[in-house]
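Topology and contacts: notes
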Amino acid sequence: NYLFFVEANPSGKLGLCEGDCDSNNQCAGNQVCEMRKGYDKVPRCIGMGKEGVDYCRSPDVTADPSSQPTFRPTTLRDPSSQPTSRPTTLRD
């Protein structure tokens, strides 16, 4: 979506890549207000927008990423119906 300036003090919720927001509360749904200086880029939005205007954007995919990559990522499988008698252990 292209950056779009709606108005300085919007009366309703702003949509994706719309501005000018001053807080997340002014953005629709779970969007967040990207506070920027000058013509800072707005993640997942296209264009330069208006100088100094803050725009609503989609939130980051992962708010709390792990500090290290997962050694063996989990795979999607149907869980067993009974507890495992011998739990799996990690091997190098």
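Here's what I pulled together on the structure shown here. Quantities reported herein were computed from a predicted structural model and do not represent experimental measurements.

Examining the pattern of salt bridges
Applying the stated criterion across every chain, the model contains three salt bridges. Between Arg44 and Asp60 there is a salt bridge, with the nearest N and O atoms lying 3.2 Å from each other. One end of the pair, Arg44, is in the loop between strand S3 (32-34) and strand S4 (55-57); the other, Asp60, is in the segment after S4, with 16 residues separating them in the sequence. Arg57 serves as the salt-bridge partner of Asp60, at 3.2 Å between the closest nitrogen and oxygen. The exposure class assigned to Asp60 is partly exposed, which follows from its relative accessible area of 47%. On the basis of relative accessibility, which here comes to 9%, the residue Arg57 falls in the buried class.

Topic: the state of the cysteines
Evaluation of the coordinates by the stated rule reveals three disulfides. Through a disulfide, Cys21 is tied to Cys33; the S-S separation comes to 2.0 Å. Note on the Cys21 and Cys33 pair: the S-S dihedral is about 90°, so by sign convention the disulfide is right-handed. With Cys21 in the loop between strand S2 (18-19) and S3 and Cys33 in strand S3, the pair connects residues that are twelve residues apart, well separated along the chain. The class of Cys21 is buried, set by a relative accessible area of 0%. Note on Cys33: relative accessible area 11%, which makes it buried. A disulfide bridge connects Cys27 with Cys56, and the sulfur atoms are separated by 2.0 Å. In this structure the cystine formed by Cys27 and Cys56 twists about its S-S bond by roughly -85°; its chirality is therefore left-handed.

Topic: unusual backbone geometry
Between Gly19 and Asp20 the backbone carries a cis peptide bond, its omega angle lying at 25°. Within the secondary structure layout, Asp20 lies in the loop between S2 and S3. For Cys17, which is not a glycine, the phi torsion comes out positive at approximately 65°. Relative to the helices and strands, Cys17 is located in the loop between strand S1 (4-5) and S2. Although it is not a glycine, Arg44 adopts a positive phi angle of roughly 65°. Take Arg44: its relative accessible area is 44%, and that puts it in the partly exposed class.

Criteria and cut-off values
- Residues numbered from 1 in each chain as written.
- Predicted model: local features only at pLDDT ≥ 70, side-chain atom pairs only at ≥ 80, totals over all residues.
- Heavy atoms only, no water.
- Salt bridge = Lys/Arg side-chain N within 4 Å of Asp/Glu carboxyl O.
- Helix = DSSP H or I, 4+ residues; strand = E, 2+ residues; numbered from the N terminus.
- Buried < 20%, exposed > 50% of the residue type's maximum accessible area, 1.4 Å probe, protein only.
- Disulfide = S-S within 2.5 Å.

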